[in-house]
Structure formats: structure tokens, C-alpha cells
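# What the coordinates show
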Amino acid sequence: MLTEETLVYELKDGNTRASAFEVLVNTYKKPLYWHIRRIVLDHDDTDDVLQNTFIKVFRNIEGFKGDSKLYSWMYRIATNEALSFIKSKSKILGQDLQGYQETMANNLEADIYFEGDAIQLKLQKAIGTLPEKQKLVFNMKYFEAMKYEEISEILETSVGGLKASYHLAVKKIEAYLRSN
Amino acid sequence: MKELNNKNPFKTPEDYFEDFTGRLMGQISEEVPRIKKSEGFTVPDGYFDDLHSNIENKLAGPQVKVIALHRYRKYYFAAAAVAAAMVLYLGVQWNAPQEVRFEDLANSDIEKYFETNEFGLSTMEIAEVIPVDELEISDILENRLNEENVIDYLNNNTDEFEELNLNTDE
């Protein structure tokens, strides 16, 4: 396994770029896929966003300064891509973002690539009602088991703010599960 | 990277979909259930195996050149700008006002000005003019806020606890 610095170095070098990119894709495709899938919910949409994310990474690697970790940078790109994807899709459908997210969560029931049980479906519906920031923090903390420090670097928010968002998200989800 | 919890433990048993509704209803209980950390999302077979080559294909293809839909748009803008400038000039000439005095301003215009412009007064300067002691919250807000609205607002709009720290030094 290459170290991150070596990988970045090889990605920037024209001779090693192709093979380094393959390593990069194979290393990060799954975590990034699941990160995006939790935001956009649909498999085909996730596929589009994931491919765009890697393409952006490939085309912008020259500009990666190493101020943050490579994976934080990629997560940030993936998050931004996923959020702008759902924003533009909700606009096309003439829905507000909140309404769109709730519709998507409700559609999971009919999704052939969602095989969760009733409880998991209910949880996804509850997550669908959260404001964007709380939804991101909840998914990253609860499902991806990230540390607040890691989330803070990706979302560029203070740890205190993240804790508050997570706390509020959990409260809202509990309330939703109780009342539905 | 830690191993993410992304394995889907839920295979589809035979007749899964036929029985789905019945089982669904059976599983919904009154209590808040314990939720397992697997979410139930799945991916098509072989999806991750093909991903790299799919991306390679996209990268290998020519970058799509963005073609401006309205090539003459900038000329339209230029023409519109000239026309607007002329209309404005004529309008100003036509309505060339006599001396404007403060009394000529409608109160609504003054209010509008303060609503839409940064007028650069510090809170201290405002406090010197407005008798704060006699103010009620209802003088500022048209609608009464109930506690629930306030908490909802804070829930949705406050990212950081620090933002809520009021300055208590004064």
C-alpha cells in the first residue's frame, strides 16, 4: 500500500499517473460510493456522481496542495458534487430540496437496490427530513463511524458545531421514529 | 482507512417480494426499534470491478467543448446597455427636479433606504439615539414569537454553540 504522499506524487507525475490513478480509484471507490449513496440514495445517481468525483480529482490533482489529507479533499469534492447534484435535480423536478429528499427516501421502498427492512427504511425516511448539514454529519458519524476531527476537516466546520448538529440530528430522528 | 460498514447483509430470499408487505407490517412495532448500522443499500453485481475502466473510458474520451448557445448574446447586451443608458439619460433630463429637500422624502422611502442599505451606524451610535429603556420586543417585531419558533430557528440555523454566546462584558 502506497503512502498518501507517494500516491499524490505519482498522480502528479505524467509517467506514473495512470497506474497511480487506478490505485486511487480502487482504494477509495467503496468509501466514496457509500458516502455519496447516503446523500443521493439512488444507485444510478450515485454512479454518475462518483465518476464525476474521480474525474474531477484526476483533472485537479495538480492543484492539490496537501493542506489537508488526500482523502479529506476527495470526500469534500464528493460531498460538493453530491449536494449540487441533488440541488440541480430537485430544481429540474420543480421541488424544493427538502421535499425532494423526502420523496427520494420514500421512493426507496420501490428501489431494486434497496433491500433494507422496514426499520432501515424508516430510518432513511427520518434522515430525509433532516436539514442538509445535519444529514451529512449524521451519516458520516453514524454509518461511516468517522471521528469529529475527520468530519471537521472534510466539511470545514468546527468540531463544536458538528457535535451540535449531530446531537440535533439524533434528537430529530428519535422524535420521528417515535411519532411515525 | 477503516473498513466501512458497507456490506449488505440482506440477501433476497425466495419469494422475498411476495412476502414483503406482510413482513413489513409485522415488523413495525410501537416501540422505537434498535437500528442496525447496515442500511440495506445494495449495488449491481460487479459494479465496483468495472468502475475504474468506466472512468478511464470517460477520461479517454475527448473533453466536450462548451459551445456558447448565444454567440451574439454579448452584442445584445451591448445594444441593451446603450438603449438603457439613453432612456436613463432622457428620463433624467425630462424629470430634472427642482431642489430636493428632506421634507419631500416620504417616510416609506426613508424606511426602504434603511432596509436596503448598509448605513454604517454602529450599535453604540444607534443606542445613543434610540431610548433603549423604553423599548419592548413588540416595537421591533410585528409578530409575536413563541418559544417553539425560536427553538426551531436555532435548531436549523445555528451551526456553532459559540454563536449563541452573548456578550456579557458590558
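All figures in this text were calculated on a predicted structure; none of them were measured in a lab.

### Quick look at the packing of aromatic side chains
Residues and elements named next belong to chain A. Per the stated rule, a full pass over the model turns up 14 aromatic pairs over all chains. Ring geometry for F138 against F143: centres 6.3 Å apart, planes inclined by 90°, an arrangement best described as edge-to-face. Arranged with centres 5.8 Å apart and planes meeting at 20°, the rings of F138 and Y166 form a pair that is stacked. Linking F138 in helix α7 (residues 132-143) with Y166 in helix α9 (residues 159-179), this pair joins segments that are 28 residues apart in sequence. Y166 shares its class with F138; the two are buried. Feature note: the residues F138, Y142, F143, Y148 and Y166 constitute an aromatic cluster, connected by ring pairs. Over the ring of F58 we find R17; its NZ or CZ atom is 5.8 Å from the centre of that ring.

### Here we look at the side chain of E144 of chain A
Here E144 of chain A shows up in the loop between α7 and α8 (148-155). Only 3.3 Å separates the side chain of E144 of chain A from the side chain of R38 of chain A, close enough to count as a polar contact.

### Looking at the pattern of salt bridges
Residue and element names in this part refer to chain A. Considering all chains together, one arrives at 7 salt bridges over all chains under this definition. Here E144 and R38 are joined by a salt bridge, their closest N and O atoms 3.3 Å apart. Note that E144 is positioned in the loop between α7 and α8 and R38 in helix α2 (residues 17-40), a separation of 106 residues in sequence. The exposure class of R38 is buried, given its relative accessible area of 2%. For the salt bridge of R76 with E156, the shortest nitrogen-to-oxygen distance reads 3.9 Å. With R76 in helix α4 (residues 70-92) and E156 in the loop between α8 and α9, the pair connects residues that are 80 residues apart, well separated along the chain. Accessibility expressed as a relative area gives 16% for R76, which makes it buried.

### Let's talk about the packing of α2 of chain A against helix α3 (residues 43-60) of chain A
Residue and element names in this part refer to chain A. Contact geometry for α2 and α3: axes closest at 9 Å, N-to-C directions at 140°. By the angle between their axes, α2 is oblique relative to α3. The hand of the α2/α3 crossing is right-handed. Note on element contacts: α3 touches α2 through H43, D45, T46, V49, L50, T53, F54, V57 and F58, opposite R17, F21, L24, V25, Y28, K29, L32, Y33, I36, R37 and V40. For the contact of α2 with α3, the per-class residue count stands at 13 nonpolar, 3 polar and 4 charged.

Thresholds, definitions, all that
Residues numbered from 1 in each chain as written. Chains lettered and ligands numbered in written order. Predicted model: local features only at pLDDT ≥ 70, side-chain atom pairs only at ≥ 80, totals over all residues. Heavy atoms only, no water. Phe/Tyr/Trp six-rings, centres within 6.5 Å; stacked < 30°, edge-to-face > 60°. Helix = DSSP H or I, 4+ residues; strand = E, 2+ residues; numbered from the N terminus. Buried < 20%, exposed > 50% of the residue type's maximum accessible area, 1.4 Å probe, protein only. Lys NZ or Arg CZ within 6 Å of the ring centre and 35° of its normal. Polar contact = N/O pair within 3.5 Å; in protein donor to acceptor, adjacent residues only side chain to side chain. Salt bridge = Lys/Arg side-chain N within 4 Å of Asp/Glu carboxyl O. Axes fitted to C-alpha atoms, helices over the stretch in contact; angles between N-to-C directions. Parallel < 35°, antiparallel > 145°, perpendicular 65-115°, else oblique. Left-handed = near helix turned anticlockwise from the far one by under 90°. Contact = heavy atoms within 4.5 Å. Nonpolar A, V, L, I, M, F, W, Y, C, P; charged D, E, K, R; others polar.

Purely geometric stuff here, so don't read any function into it on its own.
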